[in-house]
Structures are given as structure tokens and as C-alpha cells.
Protein chains: 2
Amino acid sequence: MKSFIEVASGRKPAQLVFKNIDIVDVFTQEIYRGDVAVQDGYIVGVGSYCGKTEIDGTGKYIAPSFIDAHMHIESSLVSPAVYSDAVLPLGVTTIIADPHEIANVAGKDGIKYMLESTEKIELDAYIMLPSCVPATNFESSGAILNSKDLEEFYLHPRVLGLAEVMNYPAVLNCEGDMLDKINFAKKNGKHIDGHGAGLGIPEINAYIAAGVSTDHECQNPQELKERLRRGMYVLMREGTAAKNISELAKAVTPSNSRRVCVCTDDKHIDQLLEEGSIDSIVRLLIESGVPVTTAYQMASLNSAECYGLSEIGAIAPGYRADFIIISDLEKVSIEKVFKGGELVADNGVCVKNSKDICSIPEKLVSSMNFGEVLEDDIQIYADDKSRANIIEIKPNRLETKHIVGKVEVRDGKFQISVEMDQLKMLVIERHKNTGSIGKGIVKGFGLKKGAIATSVAHDSHNIIALGTNDDDIIAAIEELRRIGGGIAVSVGGKIEASLELEIGGLISKKSSDKVVEELEKLHKEVACIMGCSDFNPFLTLSFMSLPVIPEIKLTDKGVFDVRNFCFIDVMS
Amino acid sequence: MKSFIEVASGRKPAQLVFKNIDIVDVFTQEIYRGDVAVQDGYIVGVGSYCGKTEIDGTGKYIAPSFIDAHMHIESSLVSPAVYSDAVLPLGVTTIIADPHEIANVAGKDGIKYMLESTEKIELDAYIMLPSCVPATNFESSGAILNSKDLEEFYLHPRVLGLAEVMNYPAVLNCEGDMLDKINFAKKNGKHIDGHGAGLGIPEINAYIAAGVSTDHECQNPQELKERLRRGMYVLMREGTAAKNISELAKAVTPSNSRRVCVCTDDKHIDQLLEEGSIDSIVRLLIESGVPVTTAYQMASLNSAECYGLSEIGAIAPGYRADFIIISDLEKVSIEKVFKGGELVADNGVCVKNSKDICSIPEKLVSSMNFGEVLEDDIQIYADDKSRANIIEIKPNRLETKHIVGKVEVRDGKFQISVEMDQLKMLVIERHKNTGSIGKGIVKGFGLKKGAIATSVAHDSHNIIALGTNDDDIIAAIEELRRIGGGIAVSVGGKIEASLELEIGGLISKKSSDKVVEELEKLHKEVACIMGCSDFNPFLTLSFMSLPVIPEIKLTDKGVFDVRNFCFIDVMS
């Protein structure tokens, strides 16, 4: 503290000073010019300073580096170390990560792996404890985490609270274990994240009254306002599949922004590298009309306050020297990224790469536990019916539409129709070899031939496959077994492309370049078998099995009506 | 939690519902209409509700009740229970109190008395631990509190942190015990209040870098901005002596208000009852041009966030049902005050009075420990000088002006001059009978005859006396001994009025009506001996001995130059 005081008061020169730089002031939402003095990893003064090292800031801006308020590392498809290298140059120095994907595969071992593998990376990773493993009782996951299972993790210094409480019916119905989880977090002064997709006002009130304080599922300005008015923090999201920023930005003003944060939630590595992370969200906010300083505030201070991270999120004395140097504020052109006063990324390149040094637990090494899938196993029997409950996708949204329509039936079995875009979708339990297979009909993907399959299938991460014929569907599934989990495209019984995700069937061990290259091949091959599309079919497929997002989904146990929270028959 | 969820979701009727009421939304700074449902002391829903009891809110407003972010109960001159009864009907349900007045008299016993005496009152009183007892080493207090002395109190659930660190030179000079106090608070996750009177930018930076996070001494918009930009919470103040609101309000906007709070700091009971507390500050903010919802936000949510009081400060689910029902928002016409869902004040009257049930420690019962004051003891010897360092008061400000001017000298002694308004002021040590007496010359009070004396003399609370002749000065001082501390006015050797403050020489045991009646008599008598004035002479006198507020003050050890932090001779 002594050296802080001596430097801040101007009695001693600072280790590092940015001279004459334009400071993005996220407190008053203004920009002003000054010197920023850094000592021992902290900002100690903003004013007029001399430093042992002085960097001329003329024509540049300094802003707090970014916080991704809610995300799943698993969704990037790369390991924490690779992820860190990818987002640090984009100005993200802190993430609030929920490891619920890997926890659905490997339970406590999955959480431990994520805590250990994020320990030594350059990025600051805070962890929220998965609240819904499995997301619901309507699917088979690799593990079940009860309230008692989570308790030990709260002692970890990087654990901030309970992650997105997706099972809102369990909260509304006052189910014992869910209330125990919430109560334990509250009692320990920890934070509780929400997931209020489609919730109306009484449900949102109940959710908040129970202790839930954030929502990242807002779809429109009305929902945003309803949540903000009730004191919720709204985490506005722009990921690979779910894109809400431009719609929600309409309702954000400098007067109501204090509890609005931003997050990526789920974003593939290829899109992170191509488009950006929180930096691209800030850009989009500004393009959508949010005032510049408000956009930067939403990406820093607001999230820091939301999660009680009192040392980050602003350019001010006593804050950690986590900041970005920018040449164009509106374009978010980041030249340098500092963390704890050290340069960690320079012109888009990490100064020092993070390393994967943590060992991978057995449960994550071999996670493809399912028996051979035969043609007979995957038939949809129609009896005498010819109408079906069809899942219609909404491009770039996690929600689906429930439609009921006529389908082609032959020999008492549903027939895939490329013409009518009525394809077959399967969810195959892959954790405990139970043989459980859910079957459904889906519209909107527009595959013309072949099949795709992935072991990334939120949140239980069973195998999900979609195709135009049974042979290709089976081929794609078998490819996943061969590579230990991942993504595959098959056409005419042949595998055209695949990506190994050998850590739990979710995460690759490879570099981001390699993963992006393989993803590109997958996308190229899938483009050959699809009509034109402006959405990511693999990611969209990955969310088709998440039974907490309306209106209709498919789990390994069958077609699920999310609005009524019950299974329904495929045929209607 | 179960009943919260059931009521919030609309499955069960609430205990209490305000129907169709206009809600002051301090999150988005808007007003909107709805029903507010209360259950078990908490707000559980805002929307459309049925209740066992329903109150029609048509034409009314509901706003979070007020938080006084920094205050000293002692300055009201009444006990905590009497104080509670006075401010609850004004909409104040929470105070952040610093008991440093009584701690300067009785040390740890003083803090314990304040903790105990606030335990059972209706008002929620949080306590900050006095950081500067005595305020400086340049005065004699009744106790010295070192870092170690404070530690035990941090365990108390109502102790939020370290109170206003007034001795900023000790911080800037890195003095051991002061840094220990700050470090201990920081290490325990506690809050540290500042007192940045007149501090420039480097000093403010150093102060904040050391861990100080608030300032209630801002004088002008520039200082306000400088502090907000650096992440400080600014507590805008309007008390009896120090009035900063109208000046500072010019700089507050809905975009920069999030870290702006309000406080009374020091306010006498008569002014509280006549003018108001935080309610009158909100009124003044609105009159000064601050948007209505911003003003209410500053009086509630902002202070709650500043002090980590996550359950109060807003009308939203999960917040405690501490709110006010208002008929006119701009005039702050409070009809009803609810705390924890219970009606605690109705049309300006407490539903249930608080009681003083705590015993008063011996140190506070007999606190007038000083020997007889003789005429010889109080002479100011001029030697051959005829110019003096004169303390000029600034009406309604705690600061003084240091002027050097010619004074009347006869027989080698300074002569009081009513014509030139050069009066004699004394500070007499009264805790340990050391015989220490400080003597000074003051301008600006404008007494024409007689003398006034008080045992309320910030912060060491020695006896401070001011007069037009030595006889009356001594008479007023002797009256204080007789009544066990308080305030006295003497004219022609006769006591015209006095007020007993028998708890530590600071606080009366009497009801607020009785204290106000006696204060009125004091004011009436002092008006007879003063020219016209628009300031409170007793309160102004009480701050003449506080050596942390610029420019020049008087302690029992002599005339103190605050800017240079050293004693100077009276004669120059």
C-alpha cells in the first residue's frame, strides 16, 4: 500500500505511465484526457504523472478490458489454454464460465478439470457451479449433481456462485434439491445466475424472489425492461447460435444501463477468431445506437459489479491494471491488452501463450459409451397416423417452433422427405450405454442429402444426429465412436469430414488453427448437402436437445414439449 | 423461500398488496404503474397481484425508503431512540452512523454504547468504526483508539467498516497505525469511508489507491467530477452547518449518478424536525434540477450498493419491504413509511416509539473533568505584537478563512473588540483535567455582548467558548460544568439559557420536543446578543476546533493551520 500511496501522490515515479491518453470513464460515461499511472499491477492514479516507463497515449484511448459475463468454454470447442490465447488479444481478460457442459459428461470430475485447467492460464476465469446437471429429469446425462455435490466447490476462491438456474419449473414448483442449491449459495453470500427464457412477469418475480439475480435469455426490449425494473442484471448475449444484441440494444440508455452486461454464452472458436468476442459485441452495440461509453461500461464495470469483482472494470485508482489501448473507439480497434499491468497481447497476438498442463480425467478420455446403432433401432412408427409433431428450427435462435403437420408414412413408418424438409433427428444416450434413443422430425435445416452428427448436444451431450437417410445417419454416429466424440458429416455412407473432440466429446486437444481448419472443412461439406443457409447447422443441432428452451425439443427419452414440460408422441 | 415463490408466482395471495401504484424505479430511472406484493417483510413481486390486505395506490407513488449514507447520531443532540422516532416519519429507515463523537469522549465504551443503544430501535443503524480518535495528534481527546482497539468490533453484524478517514496526512505519510486500520478493514472485506476536504487530484488518487472509497466533503462540481471519475462514491451532504447540495446538484445527471449518494453528516434535532432529513435533501435535489427518479435513486439504491446492503434500496422482488408511500413526488410528501412490510410511520407520526433501554457507561455519565477556569488562564498575551492570526468563519460551511489583521492590544494583552468583530475563543480540555487551554481570535460570529459555550466541539469535544468579555465566557463554561455538559448562553454574568447534554456532554436524555424547546430558548437568547445571522452559531462554534478542515482552527493546544498542519501563534 505504501508504494501505491507514494506513487499516487506523485512523490515517486510510477513503474508505467500512459501519457495524455483519452480515458473511457465508465463511471460518468464520459471521455477525458489524462495520464494513467500503474504500479505493481494496479492503477494508482489518473491525473498528471511521471513514470520510469512512459508510453505516449496521444490519439489513443484507454478503456477497462472486457468481461464476458456468462460463457461456456466448452462451446468454443477448444481447451481453456487455447481459449485464453484466442480471446486475450480481443481485449477479454476475465470470463465468468459455467462448466456445465463438461459437468453433464463427467460430473464433479468435469468441474475439477475446468478449475484445474483454468488455474494457470493468462485469462482470469471465474467459475459458476452448474445448477442443473442434468438440465432436467427428461434426459439422460453422464452425471447427476445434487446440492451436496456442489458444496465443496464453494470454498474455491474462483467460484463465484451458482450457474444459470435453467430448471425454472423446479424453482417455481419449490423442488427440494433446487431450493437447497439456491439456499446454500445465498447463505454463503454467493451469486445466483438465472435463465429466464420466455418467463412472464409472475414467473420472473418468483425467480428473483427466490434469489436469482441475472438473466441472459432476454429476447426483446420489453423483456429487458421487465427484468431491469425488478433489479435483475440482464446479460445481453451474442453468441454463435443466439444473437440478441441488436434487438435489445434499442432499449439501452445511459440512464438504465447500470445493470446491463454482455456475454457470448456459447461461441465456437472459428467465430471467435473471425468475428470477435466481447469486442465485437461492443462494436455491435455502438452500431446499434448505444452511446460509446455506455457500451464500454456494459462490457466492464457493470459485469464487475454484478459479480462482486471489485478490483476490475474501470480505469481508476485501486483497480487492477487490466485495460486495453484502442486506436478507434467505435470500431473497437484494440492495439494492446494489459493485464495486471503487464502487456499480454500486442496487435492481436498473445505475448505469452497459455499452456494446457492439467491431466484429463478418465471419464473425459473415454466418453463414447453406446452400443451399435441398427436400422431397426431408429425407426419412427406411425401406427395409423399421418400427422406429426414437428420441430421447426428458428435460424440463429435457440428457440424452436412446434408445428403439427402431415408427414409421409410407408409400411407404418415415418419416411424422411427432403422435398418437404422433414428430416429425421435422433438423440442417442452415450454416457452409460443404456440404449436409450429419442427420435423426432425436424424442419428447417434443409439438408438435401447425407447426415450430420455431434456429441455436443446441450446439455446432456448425448449423440445428436440428423439426416436424409438412415444409412448416413448411422455412418455419422459410428464416426463419432471412432474419433472419441466430435462432429461428423456423412454422404452416401462415406465420412466427408469430422472433428475430434476427444475431451469428453466436447473439447479438442488441438490448436485453434487446427480446429478452425477442420471446422471449415465440416462447414464446406455441410454446405454441399444443404441449401443456402445463414446459420450454423452444427451449433443449431447442438441445441435441439436442450429441453429448457421453448417450444419443442428432442432428448434421448423422446420429443419434449417445453411449454407444457412433458413428453409428446412424435406422431400426432 | 417457498412462500415467496408461491406468492410471487401468483399461486397464493400476498399478505399485503399496493394496487395500481406508481412505482419509482431506481434501476431504470423511470416511473411505471403496477401492484406491489409484500410477503413476510419482503417485496416479492411487482406486476398484477391479489392480497389478503389490499391498499389502493391510485394517485400515489411508492419509492424505496431513504438511507442516510453518513451521519453522526450525536450531532442531533438526542439519543438513538429519540433520533429514530424523529427520522422514521421522514422516510429514513436506514442510517450509516459513525459514533466518533462519543468515541472521542469515551473510546471503546462510547462505541459499545452506540452499538447497544441502536440495537432495539425501529431505525436500522449500521455502524462505521471511528478511524481518527482523536482526529489528529494536535488536540486532547477523551480516548485514543488504535487499530487493535477496533478489531473486535468488526465481528458485529451491524459494523460495515472504517469510518471517515479524516487524518488524510496520516494516510499520505503512510503512518503505521493508520495503514493498519485501513489494511485490517480491507482484509476483512469491509468498507472504508473518506473525508477528502480540499484534496487535490494526486492526494485523492493516493487516498483511493490506499483503499478509501467515499467522500462526503465535496464542495463544488469540479471536485465531484474528479472523485466520481476515479470511482469514488460521493456522498452529497446537507446538514445543519455544511450545505453542499445545491452547488453539487448542478453536476449530477442520470448518466453519472450511480455513485452519488446523500447524507446529513451533522444535523441538529430542531432542524431535522423543522426542515427534514434525507427527504429534504431529495426535495432540494429536485428543486436544483436533478431529475426526480435520479434524486430518489441517490437517496436509496446508490447508498445501498455503496455499503453492500443488497436487500434494501429498491422496489423489486427480493428487496426488504422498506418503502414510502408518497402523494407528491417532487415535494416528497410522505404519507406512510413501511419497514420490513410493517407500517412504522403514518402521516408524520411513528406507529410505535423506540425506547432507550441501554444503560449509560460511567465515562459518559460524568464527562466534565476540568478545573476552575480563572481570568488569568484565558488571557492572550501580545508581547509587542499588534497583528494576529484571526479565524474567520464562513457561514454554513465547516471551512474557515485564515486572515491576518491588526487587533487591539492593551497592557500586553489582546483586547476583545465587538466593533471590529474580533472575539475571544477558548478550547478547554475536559476529559482528563490536564488544564490545557487553547486561545484564539475569531471573526464573523458578530456577538454584541455576552458569551456562548458548548461541550460539543468536534471532534475531541473539549469545551469551546466564545465571548465578548472574560466574565461571561467563564460563566458560560461554569454552567457547562454544573449541567454535566451541554450548551450555554451567558450575558452580564447570568445564564440566559442552557441545554443539558448529560450523555458524554453530547447527547440529551430528553425527548425531542423538550430538546427543541430548550434549543429554541438558546437560539432566542443568542439572537439577542448577535447581529442578524443566517447560520447556526452553536453548530458553527462546534466545528471551530476540528483541525482537519481548512484553513485555520483552534484546539486545546492552540491555533492550528490546517493547510500546513502545524500550530501557529495567535499573535503574528
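Residues numbered from 1 in each chain as written. Chains lettered and ligands numbered in written order. Predicted model: local features only at pLDDT ≥ 70, side-chain atom pairs only at ≥ 80, totals over all residues. Heavy atoms only, no water.

Chemist: Explain the sheet that holds strand S30 (residues 566–568) of chain B residue by residue, including any values.
Modeler: Residue and element names in this part refer to chain B. Ordered by their spatial adjacency, 3 strands build an open sheet running S28-S29-S30, and the pairing between neighbours is antiparallel. Each of the sheet's edge strands pairs with one partner strand only, and the pair in question is strand S28 (552–555) and S30. With strand direction ignored, the average angle separating the axes of adjacent strands in the sheet is 45°. (Pairing = 2+ DSSP bridges. Helix = DSSP H or I, 4+ residues; strand = E, 2+ residues; numbered from the N terminus. Axes fitted to C-alpha atoms, helices over the stretch in contact; angles between N-to-C directions.)

Chemist: How would you explain helix H2 (residues 80–87) of chain B if you had to name every residue and give the values?
Modeler: Residue and element names in this part refer to chain B. For H2, the tally of buried residues reaches 8 of 8 residues, placing the bulk of the element in the interior. Within the sequence span of H2, burial applies to Pro-80, Ala-81, Val-82, Tyr-83, Ser-84, Asp-85, Ala-86 and Val-87. Among the structural elements, strand S6 (66–71), strand S7 (92–97), helix H4 (108–117), helix H11 (269–275), strand S17 (349–350) and helix H17 (512–529) are those in contact with the buried residues of H2. (Buried < 20%, exposed > 50% of the residue type's maximum accessible area, 1.4 Å probe, protein only. Contact = heavy atoms within 4.5 Å.)

Chemist: Which residues make up the pairing of strand S28 (residues 552–555) of chain A, and what values go with them?
Modeler: Residues and elements named next belong to chain A. Covered by surrounding structure in S28 are Ile-552 and Leu-554 together with Lys-553 and Thr-555, the residues of both alternating faces. Pairing analysis gives 4 bridges linking S28 to strand S29 (residues 558–561), with the strands arranged antiparallel. Across the sheet, residue Leu-554 finds its bridge partner in S29, namely Val-559. In sequence, S28 turns back onto S29 through a hairpin of 2 residues.

Chemist: Summarise the relation of the copies chain B and chain A; cite the residues concerned and give the values.
Modeler: Aligned on chain A, chain B shows an RMSD of 0.1 Å; the corresponding rotation is 180° and the shift along the axis is 0.0 Å. Seen this way, the second copy is the image of the first under a two-fold rotation axis. Of the C-alpha atoms belonging to chain B, the one lying closest to the rotation axis is found on Ser-255 of chain B, 2.6 Å away. Mapped onto chain A, 100% of the interface residues of chain B again fall at the interface, so both copies present the same surface. (Least-squares fit on C-alpha atoms with pLDDT ≥ 70 in both.)

Chemist: How would you summarise the interface of chain B and chain A if you had to cite specific residues and measurements?
Modeler: A common way to state how big an interface is: give the accessible area lost once the parts meet. Taken together, the contact pairs 53 residues of chain B with 53 residues of chain A. Note on chain B versus chain A: buried area summed over both sides is about 4300 Å², and carbon and sulfur give 56% of it. Of all residues in chain B, the largest losses of buried area upon contact with chain A belong to Met-1, Arg-229 and Arg-258 of chain B, amounting jointly to 19% of the total for that side. Seen at the junction of chain B and chain A, the total is 8 salt bridges. Taking the shortest distance from any N to any O, the salt bridge between Arg-258 of chain B and Glu-305 of chain A comes out at 3.0 Å. Here chain B and chain A share 18 residue pairs in polar contact (both at pLDDT 80 or more) between them. (Buried area = accessible area lost by both parts, 1.4 Å probe. Salt bridge = Lys/Arg side-chain N within 4 Å of Asp/Glu carboxyl O. Polar contact = N/O pair within 3.5 Å; in protein donor to acceptor, adjacent residues only side chain to side chain.)

Chemist: Got a sec to walk through a negative patch on the surface? Specific residues and values, please.
Modeler: A contiguous patch of negative charge on the surface is contributed by Glu-372, Glu-375, Asp-376, Asp-377 and Asp-471 of chain A. With respect to the element layout, Asp-471 of chain A can be found in helix H16 (residues 470–483). (Patch = residues over 30% accessible without salt bridge, like charges linked within 9 Å, V, L, I, M, F, W, Y side chains within 5 Å. Areas by Shrake-Rupley, 256 points an atom, 1.4 Å probe, with all protein chains shown as cover. Lys, Arg positive; Asp, Glu negative; His and termini not counted. Charge placed at Lys NZ, Arg CZ, Asp CG, Glu CD.)

Chemist: Any details on the pattern of salt bridges? Residues and values, ideally.
Modeler: All names here are of chain B. Per the counting criterion, the structure on display carries 71 salt bridges over all chains. Of the charged contacts, one joins Glu-517 and Lys-514 as a salt bridge, the two residues approaching to 3.6 Å between their closest N and O atoms. Of the two residues, Glu-517 and Lys-514 are both situated in helix H17; the distance of 3 residues between them amounts to about one turn of the helix. Owing to a relative accessible area of 47%, Glu-517 belongs among the partly exposed residues under this scheme. Arg-563 is the partner of Glu-551 in a salt bridge, and the nearest nitrogen-oxygen pair spans 3.7 Å. Here Glu-551 is found in the loop between helix H18 (537–542) and S28, whereas its partner Arg-563 is found in the loop between strand S29 (558–561) and S30, with 12 residues between them in sequence. Put simply, Glu-500, Lys-510, Lys-514, Glu-517 and Glu-518 are held in one network by salt bridges that share partners.

Chemist: Mind laying out the sheet that holds strand S19 (residues 400–406) of chain A, listing which residues take part and the relevant values?
Modeler: Residues and elements named next belong to chain A. Taking strand neighbours across the sheet as the criterion, the 8 strands line up as S19-S18-S23-S22-S25-S24-S26-S27 in an open arrangement whose pairing is mixed. Looking at which strands have only one partner, the edges of the open sheet turn out to be S19 and strand S27 (494–500). Taken over all neighbouring pairs, the strand axes of this sheet differ in orientation by 25° on average, direction set aside. Against the sheet, H16 contacts strand S22 (423–428), strand S24 (451–454), strand S25 (463–467), strand S26 (486–491) and S27, and its axis sits at roughly 145° relative to S26. Docked against the sheet, helix H17 (residues 512–529) engages S24, S26 and S27, running at close to 145° with respect to S27.

Chemist: Kindly report on the pairing of strand S23 (residues 437–443) of chain A, identifying the contributing residues and their values.
Modeler: Residue and element names in this part refer to chain A. Both strand S18 (residues 387–393) and S23 contribute to a ladder of 3 bridges, which runs parallel. Bridged to Ile-390 within S23 is Ile-441. As judged from the 6 bridges shared by S22 and S23, these two strands associate in the antiparallel manner. Note on S23: the bridge partner recorded for Ile-428 is Ile-437.

Chemist: Describe the packing of aromatic side chains, naming the residues involved and giving the relevant values.
Modeler: Taken as a whole and assessed by the stated rule, the structure comprises 27 aromatic pairs over all chains. Ring centres of Phe-66 of chain A and Tyr-296 of chain A lie 6.0 Å apart, and the angle between their planes is 35°; on these two criteria the pair is classed as tilted. Separated by 230 residues along the polypeptide, Phe-66 of chain A in strand S6 (residues 66–71) and Tyr-296 of chain A in helix H13 (residues 292–298) bring together distant segments of the chain. For the pair formed by Phe-66 of chain A and Tyr-296 of chain A, the shared burial category is buried. Ring plane angle 70° and centroid distance 5.2 Å describe the contact between Phe-560 of chain B and Phe-567 of chain B, whose orientation is recorded as edge-to-face. Every member of this aromatic cluster is reached through a ring pair, and the members are Phe-138, Tyr-168, Phe-560, Phe-565 and Phe-567 of chain A. Over the ring of Tyr-32 of chain A we find Arg-229 of chain B, and its NZ or CZ is 3.9 Å from the ring centre. (Phe/Tyr/Trp six-rings, centres within 6.5 Å; stacked < 30°, edge-to-face > 60°. Lys NZ or Arg CZ within 6 Å of the ring centre and 35° of its normal.)

Chemist: Go over the environment of His-461 of chain A with me, naming the residues and quoting the values.
Modeler: Residue and element names in this part refer to chain A. Structurally, the position occupied by His-461 is in the loop between S24 and S25. Separated by 359 residues in sequence, His-461 and Ile-102 have C-alpha atoms that sit 8.6 Å apart. Not counting the four nearest positions on each side in its chain, His-461 is found in contact with Glu-101, Asn-104, Val-105, Arg-430, His-431, Ser-455, Val-456 and Leu-506.

Chemist: Provide a residue-level description of the side chain of Ser-76 of chain B, including the pertinent values.
Modeler: Residue and element names in this part refer to chain B. When you line up the elements, Ser-76 lands in the loop between S6 and H2. Within the structure, the side chain of Ser-76 is placed 2.7 Å from the backbone oxygen of Ile-73, a separation counted as a polar contact. Residue contacts for Ser-76: discarding those within four places in its chain leaves Tyr-83, Lys-267, His-268, Ile-269 and Leu-272.

Chemist: Describe the confidence of the model for chain A, with residues and values.
Modeler: On average, residues of chain A score 96 in pLDDT, and 100% of them are at 70 or above. Predicted as a complex, the structure gets a pTM of 0.93 and an ipTM equal to 0.92. (pLDDT = per-residue confidence, 0-100.)

Chemist: Give a detailed account of unusual backbone geometry, specifying residues and quantitative values.
Modeler: Of all residues except glycine, most have a negative phi; of all peptide bonds, most are trans. Of note, the amide linkage connecting Val-133 of chain A to Pro-134 of chain A takes the cis form, showing an omega dihedral of -5°. With phi around 80°, Leu-77 of chain B is a residue other than glycine that occupies positive phi space. The residue Leu-77 of chain B is located in the loop between S6 and H2 in this model. For Leu-77 of chain B, a relative accessible area of 1% corresponds to the buried category. Unusually for a residue other than glycine, Cys-174 of chain B sits at a positive phi of about 55°. By secondary structure assignment, the location of Cys-174 of chain B is in the loop between helix H6 (168–172) and helix H7 (176–187). Judged by its relative accessible area of 12%, Cys-174 of chain B is buried.

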